[in-house]
Structure formats: C-alpha cells, structure tokens
Amino acid sequence: MNEGFKWDAVGEALPLLLQGFKVTLLATLLGTLVAAVLGLMIAVAGRAPSRFVTVPVRVVMEFIRSTPLLIQLVGAAAVFSSVEPLYIGIAVLGVHYATYTSEVYRAGIDGVPKGQWEACRALSMSPRRTWQAVILPQAVRNVLPALGNYAISMFKETPFLAVITVQEMVFQARDYGTKHFVYTEVFTLAGLIFLVASYPTSLLMRKLEKRLGH
C-alpha cells in the first residue's frame, strides 16, 4: 500500500546526506586536482621524442580507459587494503579522469599556433621556458571549460565510491534507507542535491566556454 511521500524522513535524512555531500565534494575537488595535474604531465610526456616514453604512456592510458571505473575502484581497494578508502577513491578518480584530461590538454597544446613555437626557437628560449611562459598558459586557458565539464562528470560518478565503503552522499542515503525502509524519499533527495550542485556549475562552464571562444 502506498502511504505517500514521507516528508518527515526527508527532514531526518537531510543532515546525514549533507554530511555525505561534504565527502562527495572533497573527493571531487581533490580528484579533479589529481586529474588536472596528472593529465597535464601525461600530455607533455606524450610529446616526448622517445618511444620508450610515449608507448608505455599510451598503453597505460588505453588500459585505464578500457576498464570500468567500478572495477578499478574494487581492484585498487583490494590491492591497497590498508589505505583509507577515501584516499583510494580520490586517487582512482584522479587517475581515471587524467587519461581524459590529457587528451584535452593535448588538443589545447596542438591549438597553440606554430608561430609561437617558432618565435621561441628564434629567441633561443629553453624548452622548459617555452612550455612555462608561452605554450602552457595559452593551452590551459583554452581547455578550462572542458576541464570543468570533466569535474562535473567526476562529481556525478562519486556514488561509485560507495562500493569501497566511502561514506559519500549515496552511501548515506542507502544506509538510511536500509535502516528505516525508506528509499524513494532519500534517493530523491540525494538526486536533487546532485542537481542543485551540478546544474549551476554546468551553466557556468557554458558561459566560460562562450567567453573564451570570443
């Protein structure tokens, strides 16, 4: 028998879900930081002149892209069982998304006009100085919206962390639902929190993309 939507359960579960949301947000922010930094390193390494560098990097990237994030989380948790699950989740999210952000960086680097490279060589700038002062500032600026979109995608995939017992928002919703036999209400509430957090951010990324496109 349908007893209707239990609003009292929503009010009771909200503090628990907000507590889980803090974990969700932390995992997203740190995972995005890992993905941004590691992705940039991969993109630069992919342009190395030696195949002894580029081939292993490409193989590892394809392996990570070709396996589900869920399997990567479970596998990493089994291998590093003594490590805090949250740290494992952050690392796996960061490495997984680094394989995609590296492609974004690569496109941004390729988008820098060849004249910029030639000018640096004409000025006898060192490779390190060329990358730091000329190439990367332009490339990173052009790919900021894409990096933001990947951050939003990562945010929406943090519920996978529940399988390795990270107490993020969906973990808290499931735990409350199991204890009180209330599922529709708490998962609806979790979905609304995800929507409220991600939709304005996606609009901001669109606005930023249009602004940088001019």
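I will try to describe carefully the structure that is included in this document.

The subject of this paragraph is the overall build of the protein. Counting its regular elements, the protein contains 8 helices and 0 strands. Order of helices (α) and strands (β) in the protein, N terminus to C terminus: α-α-α-α-α-α-α-α. By principal-axis analysis of the C-alpha atoms, the protein measures approximately 75 × 45 × 25 Å. A burial count over the protein gives 37% of its 214 residues as buried. Long-range pairs, those at least 24 residues apart, make up 78% of the contacts in the protein with a sequence separation of at least 6. Summed over its atoms, the accessible surface of the protein is roughly 12800 Å², and 65% of this surface lies on carbon and sulfur atoms.

Turning to helix α1 (residues 7-45), a few remarks are in order. Taking 1.5 Å of rise per residue, 39 residues should cover 57 Å, and α1 covers 53 Å from first to last C-alpha, within 8% of that figure. Of all the bends in α1, the largest measures some 40° and sits at A13, one to four residues before the proline P15.

An ideal rise of 1.5 Å per residue puts 45 Å on 31 residues; helix α6 (residues 127-157) reaches only 38 Å between its terminal C-alpha atoms. Where α6 bends most, at L144, the angle is about 50°, and the proline P145 comes one to four residues later.

The contact between α1 and helix α7 (residues 169-180) brings their axes to 7 Å, and the two run at 150°. Here α1 is positioned roughly antiparallel relative to α7, judged by the angle of their axes. Here α1 runs over α7; the crossing is right-handed. Where α1 abuts α7, its residues A9, E12, A13, L16, L17, Q19, G20, F21 and T24 lie against M169, Q172, A173, Y176 and H180. Tallied by class, residues from the contact of α1 with α7 come to 8 nonpolar, 5 polar and 1 charged.

As a further point, take unusual backbone geometry. With a phi angle near 65°, T165 is a residue other than glycine that sits in the positive phi range. The backbone of F181 shows a phi angle near 55°, a positive value even though the residue is not glycine. Residue position: F181 is located in the loop between α7 and α8 (184-213). F181 sits in the exposed class, given a relative accessible area of 70%.

Two descriptors summarise a pair of aromatic rings, namely the distance from one centre to the other and the angle between the planes of the rings. On inspection of all chains with the given rule, the structure shows 6 aromatic pairs. Between Y97 and Y150, the aromatic rings sit 6.1 Å apart at their centres with planes inclined by 70°, giving edge-to-face as the arrangement. With a gap of 53 residues between them, Y97 in helix α4 (residues 85-110) and Y150 in helix α6 connect regions that are remote in the sequence. A relative accessible area of 27% means that Y150 is categorised as partly exposed. Members of the aromatic cluster, joined through ring pairs, are F21, F155 and F194. In this structure, R65 packs its charged tip against the face of Y100, placed 5.7 Å from the ring centre.

With respect to the secondary-structure elements, E185 resides in helix α8. Summary of buried charges: E185 has no salt-bridge partner, and the nearest side chain of opposite charge, K6, is 4.5 Å away. If we ignore the near neighbours within four places in the chain, the residues touching E185 are G4, F5, K6 and V10.

Reading the values: the criteria
- Residues numbered from 1 in each chain as written.
- Predicted model: local features only at pLDDT ≥ 70, side-chain atom pairs only at ≥ 80, totals over all residues.
- Heavy atoms only, no water.
- Helix = DSSP H or I, 4+ residues; strand = E, 2+ residues; numbered from the N terminus.
- Buried < 20%, exposed > 50% of the residue type's maximum accessible area, 1.4 Å probe, protein only.
- Contact = heavy atoms within 4.5 Å.
- Areas by Shrake-Rupley, 256 points an atom, 1.4 Å probe, with all protein chains shown as cover.
- Expected span 1.5 Å × (residues − 1).
- Bend = angle between axes of the 7 residues up to and from the residue.
- Axes fitted to C-alpha atoms, helices over the stretch in contact; angles between N-to-C directions.
- Parallel < 35°, antiparallel > 145°, perpendicular 65-115°, else oblique.
- Left-handed = near helix turned anticlockwise from the far one by under 90°.
- Nonpolar A, V, L, I, M, F, W, Y, C, P; charged D, E, K, R; others polar.
- Phe/Tyr/Trp six-rings, centres within 6.5 Å; stacked < 30°, edge-to-face > 60°.
- Lys NZ or Arg CZ within 6 Å of the ring centre and 35° of its normal.
- Lys, Arg positive; Asp, Glu negative; His and termini not counted.
- Salt bridge = Lys/Arg side-chain N within 4 Å of Asp/Glu carboxyl O.

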